[in-house]
Amino acid sequence: KDLTTEHETVSFAETGDIESWLKQEIARALKLPVSQVDAHKPLAQYGLDSLGALELIYSVETATGVSLSLASFLQEFSVADLAAEIQAQAGSTPLVVPALDRDSDQPLSRGQQALWFLHRLAPESAAYNIAGAVRIVGEVDADALRRSFQSLVDRHASLRTTYHESVGTPIQRVHDRAAVSFHEEVAAFWSRTELDLRLEQEAQVPFNLETGPPFRVSLFRLSATEHLLLLVVHHIGTDFWSLGGLVHELA
């Protein structure tokens with residue numbers, strides 16, 4: 001069957017079809033040809049990181065209603081193992097495969113729906129902002145750093161997704177292209193108290209999930225050889241563990 005057809009219904013009994021769809025999703029996340037995704041090779045051996053795994057979990061949960069653990073993607077699970085787990089949890093429930101057009105509207109996972117509802121109740125709240133700051137010792141090429149973060153946004157769909165309401169239903173829209181939110185500021189003459197206050201203020205700025213982006217980068221230049229890098233992301237798109245993985249990938 002052609003699994004790229006929008007909202008095609010596939011029976012869970014047809015395990016091969018589930019595997020084919022999973023292979024397409026994993027190939028997209030890893031930027032590999034589908035032919036290079038072995039259904040029996042552990043996903044961890046492909047270098048799948050936690051942020052990419054979360055995006056795949058959202059796709060699976062949205063399409064099937066089945067919740068999978070992050071460990072399933074980062075340990076020894078293969079495509080075939082995931083397909084079997086989905087089938088075991090869902091039984092005979094039909095699988096509705098979403099369109100692979102990433103610049104179209106897609107439903108939210110149950111966890112995302114809860115965060116969207118809370119955001120609508122208090123859009124000015126920063127309760128679900130996840131922030132992390134790192135000190136960089138040494139010279140920094142800010143333009144190169146911006147380009148590196150742009151590459152991360154290009155690679156990870158969750159960093160270029162906006163969230164909307166359509167006919168009373170929350171949806172997510174993954175854009176083909178989005179510019180990274182990168183702000184550089186000179187902080188050479190700030191006191192430690194002023195710097196801490198500025199970091200806290202920036203971390204607490206609420207996100208507009210409809211206009212995006214759900215991810216912000218701020219670089220504070222303390223001197224020619226010392227900087228502070230602040231990353232802030234909304235929890236609807238990632239978690240703190242994945243933010244750490246993002247920093248590791250940046251390096």
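Source: prediction; values computed, not measured. (Residues numbered from 1 in each chain as written. Predicted model: local features only at pLDDT ≥ 70, side-chain atom pairs only at ≥ 80, totals over all residues. Heavy atoms only, no water.)

Would you mind going over the packing of aromatic side chains with me for this structure?
For any pair of aromatic rings, the description consists of the separation of the ring centres together with the inter-plane angle of the planes. In total, this model carries 3 aromatic pairs according to the counting rule given. Here the aromatic rings of Phe 149 and Phe 182 are separated by 6.3 Å at their centres, their planes lie at 50°, and the arrangement is tilted. Of the two residues, Phe 149 is situated in helix α6 (residues 142-155) and Phe 182 in strand β7 (residues 181-186); the sequence distance between them amounts to 33 residues. Grouping residues by exposure puts Phe 149 and Phe 182 together as buried. Geometrically, the ring pair formed by Phe 149 and Phe 215 is tilted, given 6.1 Å between the ring centres and 50° between the ring planes. (Phe/Tyr/Trp six-rings, centres within 6.5 Å; stacked < 30°, edge-to-face > 60°. Helix = DSSP H or I, 4+ residues; strand = E, 2+ residues; numbered from the N terminus. Buried < 20%, exposed > 50% of the residue type's maximum accessible area, 1.4 Å probe, protein only.)

Help me understand the sheet that holds strand β5 (residues 161-166) in this model?
Hydrogen bonding along the main chain pairs the strands of a sheet, whether they run parallel or antiparallel. Within the open sheet, the 3 strands sit side by side as β3-β6-β5. Their pairing is antiparallel. Strands at the two margins of the open sheet, each flanked by one partner only, are β3 (105-107) and β5. Taking each pair of neighbouring strands and ignoring which way they run, the sheet shows an average axis angle of 40°. Against the sheet, helix α5 (residues 110-121) engages β5 and β6 (169-174), with an angle of about 75° to β5. (Pairing = 2+ DSSP bridges. Axes fitted to C-alpha atoms, helices over the stretch in contact; angles between N-to-C directions. Contact = heavy atoms within 4.5 Å.)

Would you take a moment to explain the nonpolar core for this structure?
By size, the foremost hydrophobic cluster in this structure holds 20 residues, and its most contacted members are Leu 22, Ile 26, Val 79 and Ile 86. Elements that contribute at least two residues to this core include exactly α1 (15-30), α2 (50-64) and α4 (79-90). With 7 residues, α1 is the single largest residue contributor to this core. With 19 residues, the next largest nonpolar core counts Phe 149, Leu 152, Val 180 and Leu 243 among its residues. (Core = buried A, V, L, I, M, F, W, Y, C linked by side-chain atoms within 4.5 Å.)

Before we go on, may I ask you to explain the sheet that holds strand β8 (residues 215-223) in this structure?
Within the open sheet, the 4 strands sit side by side as β4-β9-β8-β7. Their pairing is mixed. Where the open sheet ends on each side, the last strands, each with one partner, are β4 (129-137) and β7. The sheet shows a mean angle of 15° between the axes of neighbouring strands, taken without regard to direction. As paired elements, β7 and β8 share 6 bridges and run parallel to each other. From the neighbouring strand, His 183 faces β8, where its bridge partner is Ser 218.

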